[in-house]
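# Overview (structure and organization)
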Amino acid sequence: MKTYELFIGPQHVGITGNFSVILELEGNVVKKATPNPGFLHRGFEKLMEMRGFIHNVPIVCRICVPDPDPNEANYAMAVEKLLGIEPPPRAKYIRTIVLEFSRIASHLFTFGGHAGSIGLYTIPNWTISDRDFILDLFEMLTGGRVYHIFIYPGGVRRDLPDGFIEKAKDVLNYLEKRLDDYNKLYFDSYMFKKRARGIGIINKEDAIEWGVTGPNLRASGVKADTRKDDPYAAYGELDFEIPVLTGGDAYDRIMIRRMEVVESIKIIRQALDNIPDGPIREKVPNPMRFIVPPGDAYVKVESSKGEYGYYMVSNGKDKPYRVYIRGASMTHGIHILEKLLPGNYLADVSQIMFSLDVCPPEIDR
Amino acid sequence: MGIKNYFSPVSALKFLVKKPVTVRVPYEKKEPSENYRGFHINDIEKCIGCGNCARICPPNAIEMVPMTEYPKYKDMKVEEGKRIKKIPKIDYGRCCFCALCVDVCPSFSLKLSRERIQVETDKEAFVFIANNDVSYKDNLGYVANEKSHLLGLKPKR
């Protein structure tokens, strides 16, 4: 049978961002898939070498649009490691709250995308409107809805405003109630189970070999999470579980995210209840002349996509000598996608892409 | 697939009586939050012209221009041998609304407002001197406080 070539993307077919896949099809079965990134290349790593340590704070959040806070936290932690300082406890708790809300917001986006790709069009409307309540909270806390520019080396930029804790708890209660609605329409839906089960299986050995991280790895049966293994922010002091599923297919990858939302709600509730008083920022160099001592540091965090890493080299000047960013989506979007797509129907391509939760700017750093 | 599942679509009827989450924009207005980062407000009398805002600005959106460029102070007399104070002129095509300029302002004269909508046909209208004579001057948004100020200064009473 003759094969033909088909371009998917670069506009939002299975990924929230600009990313395309060139498919070779035989009938409606994929024979070969070639991911084609590069539409979102803004040269973050090079740009960061030319700017001061503080000037990079508003840049790093742009590396992942749906989930910007892990980038900010990771960058700040790398600078803190080079400076040899530790943020105050209150700042750590505020960071945890922001990071977990960001994770929920990002997962809601993924649910919407995946449900849309299998034909359940009510879910995207619901999740995006519910995500807006979280964005309202971010606006109240940081002043910005999408790019928060909030986590600063040494701590955070502002204290919690009056009434934030009550409002955050209301939003958490609302989200918890909404999960039942999502269950009825989406997670327990016969159509979702029929479409997503057994599609795009990554088994445990392959997942470890290919360097899969985050929810995608935990859906394949490996219990690994940077929040537990190498605690940062306030995660070491909070009580939470790491959900693990063993199927490794698109269904399990979505279900693990649903379980993570429940855990995130638990984490935020604890952090809001136990938040200590005190300063929000450790003493850092003057922002006009932010000189970091020479050395190198590698710091990792767990984003909603997977493990994030910043490798930063400073040569004792006011600009970083080199910043390398390990985005989790590089593995998921390029190597895994290339291996998973062949053999599947064209109709399942976008749902496999969405179940991997790829963020293209992380690939084109 | 139990018998219960056949009746579950009936539960969708509850959404008929729920209030919609969307805002009907021309009739209802969505208020930005207390510390929203919108357009700048600068108290030119209070500004000391230090240029901290221009130096910290990550996208280089701020340019320091002589005070006499602002129409209100155009005819200001400058004494012989004295320099004219410089004030920030902001290019909103570049500004990323990060509010770092607000947090390094030693005189606390630069603030952000909650104004976020500006419609103009002329692109030059988006490059202007931050001032205190705008219609949104009382609609304060992100204002530096004791905890947020990056130089560790306290606002004067």
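Keep in mind the model is a prediction, meaning the values are calculated, not measured.

In this section: the pattern of salt bridges. Applying the stated rule across the entire model yields 31 salt bridges over all chains. Between A:Asp136 and B:Lys30 there is a salt bridge, with its nearest N and O atoms 3.2 Å apart. With A:Asp136 in helix H5 (residues 122-142) and B:Lys30 in the loop between helix H1 (3-7) and strand S1 (40-42), the pair connects residues from two separate chains. With a shortest N-O distance of 2.5 Å, A:Arg145 and A:Glu139 are connected by a salt bridge. In this structure A:Glu139 comes out as buried when scored by relative accessible area, which is 4%. A network of salt bridges, in which partner residues are shared, links A:Glu100, A:Arg103, A:Arg218, A:Asp225, A:Arg227, A:Glu260 and A:Glu302.

We now examine the environment of A:Leu346. All names here are of chain A. Looking at the secondary structure, you find Leu-346 in helix H13 (residues 346-356). Remark: the alpha-carbon pair of Leu-346 and Asn-28, spanning 318 residues in sequence, is separated by 5.5 Å. With residues near it in sequence (within four places) discarded, Leu-346 still touches Leu-6, Ile-8, Leu-23, Leu-25 and Asn-28.

A separate point is a nonpolar patch on the surface. Residues and elements named next belong to chain B. Together, Ile-3, Tyr-6, Phe-7, Val-10, Leu-13, Leu-16 and Val-17 line one region of the surface with nonpolar side chains, adding up to about 890 Å² of accessible area. Of note, Leu-16 is situated in the loop between H1 and S1. Relative accessible area serves as the criterion here: at 69%, Leu-16 is assigned to the exposed category.

Moving on, we come to the state of the cysteines. Among covalent bonds in proteins, the disulfide is the one between the sulfur atoms of two cysteines. Considering all chains together, one arrives at 0 disulfides over all chains under this definition. Of the cysteine sulfurs around B:Cys57, a residue in no disulfide, the closest is that of B:Cys98, at 6.3 Å.

Residue-level contacts link 33 residues of chain A with 32 residues of chain B. Taking both partners together, chain A and chain B bury about 2,600 Å²; carbon and sulfur atoms supply 53% of that area. Per-residue buried area on chain A facing chain B is highest for A:Arg157, A:Arg158 and A:Met288; these three make up 28% of the total on that side. Between the two partners, chain A and chain B, sit 4 salt bridges. Notably, a salt bridge pairs A:Arg157 with B:Asp103, separated by 2.9 Å at the nearest N-O pair. The interface formed by chain A and chain B holds 20 residue pairs in polar contact (both at pLDDT 80 or more) in total. Breaking the side of chain A that touches chain B down by element, the ones donating at least two residues are H5 and helix H6 (164-187) of chain A. No other element matches H5(A), which puts 8 residues into the side of chain A that touches chain B. Along the lines of polarity and charge, the residues of the side of chain A that touches chain B split into 13 nonpolar, 8 polar and 12 charged.

Residues and elements named next belong to chain B. Note that Arg-116 resides in the loop between strand S4 (110-112) and strand S5 (127-129). The exposure class of Arg-116 is partly exposed, given its relative accessible area of 39%. Arg-116 sits 77 residues away from Phe-39 along the chain, and the two C-alpha atoms are 6.4 Å apart. Residues within four places of Arg-116 in sequence aside, it is in contact with Lys-30, Pro-32, Tyr-36 and Phe-39. A distance of 2.8 Å separates the side chain of Arg-116 from the backbone oxygen of Lys-30, its partner in a polar contact.

Here we come to H5(A). Residue and element names in this part refer to chain A. Taking 1.5 Å per residue as the helical rise, H5 with its 21 residues ought to reach 30 Å, and the 30 Å between its terminal C-alpha atoms agrees with that figure. With 16 of its 21 residues buried, H5 lies for the most part within the structure. Positive backbone phi, approximately 100°, marks Gly-143, located one or two places after H5.

Moving on: the nonpolar core. A:Tyr186 and A:Tyr310 are the most contacted members of the largest nonpolar core, which has 143 residues in total. Looking at this core element by element, the count peaks at 12 residues for helix H4 (residues 89-117) of chain A. If you look at the next biggest cluster of nonpolar residues, it comprises 8 residues, including B:Ile44, B:Val65, B:Tyr73 and B:Ile87.

The rules behind each value
Residues numbered from 1 in each chain as written. Chains lettered and ligands numbered in written order. Predicted model: local features only at pLDDT ≥ 70, side-chain atom pairs only at ≥ 80, totals over all residues. Heavy atoms only, no water. Salt bridge = Lys/Arg side-chain N within 4 Å of Asp/Glu carboxyl O. Helix = DSSP H or I, 4+ residues; strand = E, 2+ residues; numbered from the N terminus. Buried < 20%, exposed > 50% of the residue type's maximum accessible area, 1.4 Å probe, protein only. Contact = heavy atoms within 4.5 Å. Patch = residues over 30% accessible without salt bridge, like charges linked within 9 Å, V, L, I, M, F, W, Y side chains within 5 Å. Areas by Shrake-Rupley, 256 points an atom, 1.4 Å probe, with all protein chains shown as cover. Disulfide = S-S within 2.5 Å. Buried area = accessible area lost by both parts, 1.4 Å probe. Polar contact = N/O pair within 3.5 Å; in protein donor to acceptor, adjacent residues only side chain to side chain. Nonpolar A, V, L, I, M, F, W, Y, C, P; charged D, E, K, R; others polar. Expected span 1.5 Å × (residues − 1). Core = buried A, V, L, I, M, F, W, Y, C linked by side-chain atoms within 4.5 Å.

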